[in-house]
Amino acid sequence: MIVCGIDEAGRGPLAGPVISAAVVLPAFFSFDVYDSKSLTPKKREKIFFKILSVSHVGIGWATREEIDSLNILNASLLAMKRALYNLPVVPDIVLVDGNKTIPGVNIKQEAIIKGDKTVPQISAASIIAKVIRDEIMQDYAKRYPNYSFDKHKGYPTKLHIFAVKENGVLSIHRRTFSPIKDIIGYEKKRKRQQR
Amino acid sequence: MKKREKGNKGEEIIAEYLKKKGYKIIARNYFVKNTGEIDIIAFKDNTIVFVEVRSGDYSEYTVNYTKKKKIYKTSMDFLRKNPQYQDYLRQYDIVSVNVASGEIVHYENVMDI
């Protein structure tokens with residue numbers, strides 16, 4: 001039986017896409033369950049390459065525009081669906097992290113709350129999604145050096161919100177997320193007053 | 001097929017789809033000058049649903065914040081003029097349809113205002 005685990009990274013940040021990964025681990029591969037959030041980036045990368053070398057992996061994403069249009073829950077389910085399409089094998093059962101299953105998929109599914117801490121497949125998927133998203137944010141850090149995306153990875157830290165207030169809202173910022181929304185509204189108001 | 005025709009046909013298909021799912025349709029193309037338009041307003045159980053119909057390829061991903069705000073304002077206008085619906089729960093949906101193949105995808109509760 002082919003068991004596939006799916007998890008996503010990037011639901012909380014104010015910028016960038018949401019990335020999800022679908023992973024099928026081989027039967028002989030003993031994989032410890034890691035918590036992707038408590039690992040150091042270096043260790044995470046090491047496990048990332050270990051997973052990639054032995055297992056089937058599919059990656060999916062939803063862009064900033066899709067997140068603003070469909071809201072973050074629907075967009076991350078869309079990203080999960082795309083990850084499943086990109087998987088080179090067809091699994092018998094899909095284990096999804098969280099409390100929602102993916103709509104519009106004809107494979108047996110199960111939603112597992114806190115699956116990234118209990119199921120090895122979902123734990124592996126969460127590590128792969130996180131490493132790839134971090135890599136994308138490193139790229140954005142090079143393109144937009146004033147925002148220090150390499151430090152906060154788009155998450156709403158004080159540093160990030162201060163940078164947005166100073167330098168303005170970028171095209172990769174999610175318009176429907178609360179501080180960004182308020183900053184845009186404030187800027188519009190100020191421009192109107194200047195006129 | 002012209003853009004307007006395609007949109008009308010998509011709205012027709014989705015109205016049928018919603019009726020089949022047990023929704024009651026209250027209004028179609030509810031338009032308020034200077035504010036916006038809502039494609040379909042329907043209700044089911046104790047929820048009033050404002051539906052944005054999308055019939056182009058990948059156009060369900062292009063409902064941006066400005067459009068959402070317009071839909072919200074128009075829905076508030078509708079509730080003001082039809083106070084019998086004011087006690088219902090509100091829900092905002094995007095339903096996309098591929099006019100050529102008839103494939104429908106329903107995204108529920110997309111608004112986070």
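Refer to the structure printed above.
Summary of the structure given here. Going along each chain's sequence as written, the residues are numbered from 1 onward. Ligands are numbered from 1 and chains lettered from A, in the order in which they are written. Thresholds applied to this predicted model are a pLDDT of at least 70 for local features of residues and 80 or more for the giving and counting of side-chain atom pairs; totals over whole chains, interfaces and linings are not thresholded and use all residues. Water and hydrogen atoms were dropped before computing side-chain values, which therefore reflect all heavy atoms in the structure.

**Regarding the interface of chain B and chain A**
Formally: Contacts: residue pairs with any heavy atoms within 4.5 Å of one another. Reported buried area values correspond to the accessible surface (1.4 Å probe) lost by two parts on association, with both partners' losses combined. Every case where a carboxyl oxygen of Asp or Glu lies within 4 Å of a side-chain nitrogen of Lys or Arg is listed as a salt bridge. Between N or O atoms, a polar contact is any pair within 3.5 Å; within protein, one atom must be a potential hydrogen donor and the other a potential acceptor, and residues adjacent in sequence are included only when both atoms are from side chains.
If you look at the interface, chain B gives 13 residues, while chain A gives 12 residues. For the pair chain B and chain A, the two sides together bury roughly 1,100 Å², of which 52% comes from carbon and sulfur. Among the residues chain B hides against chain A, the three largest losses belong to Tyr-61, Tyr-65 and Asp-112 of chain B. Together they make up 54% of the total. At the junction of chain B and chain A, the tally comes to zero salt bridges. Here chain B is connected to chain A by six residue pairs in polar contact (both at pLDDT 80 or more).

**Considering the packing of aromatic side chains**
One pair of aromatic rings is described through two measures. These are the centre distance and the angle between the planes. The condition is simple: Here a pair means two rings of Phe, Tyr or Trp (six-membered ring of Trp) with centres within 6.5 Å. Their orientation is stacked below 30 degrees between planes, edge-to-face above 60, and tilted elsewhere. Relative accessibility thresholds used throughout: buried, under 20% of the residue-type maximum; exposed, over 50%; partly exposed, between the two (1.4 Å probe, protein chains only). Definition used: whenever NZ (Lys) or CZ (Arg) falls within 6 Å of the ring centre and also within 35 degrees of the ring normal, the charge is taken to sit over that ring.
All chains considered together, the criterion is met by 13 aromatic pairs over all chains. Considering the side-chain rings of Tyr-144 of chain A and Tyr-147 of chain A, the 6.5 Å spacing of their centres and the 80° angle between planes classify their relative orientation as edge-to-face. Just as Tyr-144 of chain A is buried, Tyr-147 of chain A falls in that class too. Summarising the aromatic geometry, the rings of Tyr-147 of chain A and Phe-149 of chain A are spaced 5.9 Å apart at their centres and angled 10° between planes, so their arrangement reads as stacked. The buried category is assigned to Phe-149 of chain A, whose relative accessible area is 0%. Clustering of aromatic rings is evident, with ring pairs tying together Tyr-30, Phe-43, Phe-50, Tyr-72, Phe-78, Tyr-85, Tyr-88 and Tyr-92 of chain B. When the ring centre of Tyr-23 of chain B is taken as reference, the NZ or CZ atom of Lys-44 of chain B above it lies at 5.1 Å.

**Observations concerning the packing of helix H1 (residues 41-54) of chain A against helix H4 (residues 120-143) of chain A**
All names here are of chain A. To be explicit about the condition: All axes here are fitted lines through C-alpha atoms, helices being fitted over the stretch that makes contact, and every angle between N-to-C directions spans 0 to 180 degrees. Helix and strand assignments come from DSSP, with helices taken as H or I runs of at least 4 residues and strands as E runs of at least 2, each series counted from the N terminus. Take the far helix as your reference; a near helix turned counterclockwise from it by less than a right angle gives a left-handed crossing, and one turned clockwise gives a right-handed crossing. Here the term charged refers only to Asp, Glu, Lys and Arg, the term nonpolar to Ala, Val, Leu, Ile, Met, Phe, Trp, Tyr, Cys and Pro, and the term polar to all other amino acids, Gly among them.
Packing of H1 against H4 brings their axes to within 9 Å, and their N-to-C directions diverge by 115°. Considering how the two elements wind past one another, H1 and H4 form a crossing that is left-handed. Contact residues: H1 offers Arg-44, Glu-45, Ile-47, Phe-48, Ile-51 and Leu-52, while H4 offers Ala-124, Ile-127, Ile-128, Lys-130, Val-131, Ile-132 and Asp-134. Here the residues of the contact of H1 with H4 sort into nine nonpolar, no polar and four charged.

**Focus: the sheet that holds strand E4 (residues 89-98) of chain B**
Residue and element names in this part refer to chain B. Rules: Two strands pair under a simple rule: DSSP has to find at least two bridges between them.
Read across the open sheet, the five strands follow the order E1-E2-E3-E4-E5; overall the sheet is mixed. Looking at the sheet topology across the chains shown, the edges are occupied by strand E1 (24-32) and strand E5 (103-107). Averaged over all pairs of adjacent strands, the angle between their axes in this sheet comes to 30°, without regard to strand direction.

**Describing a positive patch on the surface**
The cut-off we apply is this: Patches draw on residues past 30% relative accessible area with no salt bridge. Two like charges within 9 Å are joined, as are two nonpolar side chains (Val, Leu, Ile, Met, Phe, Trp, Tyr) within 5 Å. Surface accessibility in these figures is a Shrake-Rupley result with a 1.4 Å probe; residues are shielded only by whichever protein chains are displayed. Positive residues here are Lys and Arg, negative ones are Asp and Glu, while His and the chain termini are left out of the count. Throughout, a charge is located at the NZ atom of Lys, the CZ atom of Arg, the CG atom of Asp or the CD atom of Glu.
Together, Lys-188, Lys-189, Arg-190, Lys-191, Arg-192 and Arg-195 of chain A together with Lys-69 and Lys-73 of chain B give the surface a local cluster of positive charge. Sort the elements by how many residues they give to the positive patch and helix H7 (residues 178-194) of chain A lands first, with five residues. With respect to the helices, strands and loops of the structure, Lys-189 of chain A is situated in helix H7.

**Some remarks on the environment of Ile-128 of chain A**
All names here are of chain A. Relative to the helices and strands, Ile-128 resides in helix H4. Given a relative accessible area of 0%, Ile-128 falls into the buried group. It is 9.4 Å that separates the C-alpha atoms of Ile-128 and Ile-19, two residues lying 109 residues apart in sequence.

**Overview of the pattern of salt bridges**
The final tally for this structure, using the stated rule, is 10 salt bridges over all chains. Two residues, Arg-28 of chain B and Glu-12 of chain B, come together in a salt bridge whose shortest N-O distance is 3.5 Å. Separated by 16 residues along the polypeptide, Arg-28 of chain B in strand E1 and Glu-12 of chain B in helix H1 (residues 3-20) bring together distant segments of the chain. Overall, the relative accessible area of 44% leaves Glu-12 of chain B in the partly exposed class. Glu-52 of chain B is paired through a salt bridge with Arg-54 of chain B; the nearest N and O atoms lie 3.0 Å apart. What emerges from the salt-bridge pattern is a single network uniting Arg-64, Glu-65 and Asp-68 of chain A.

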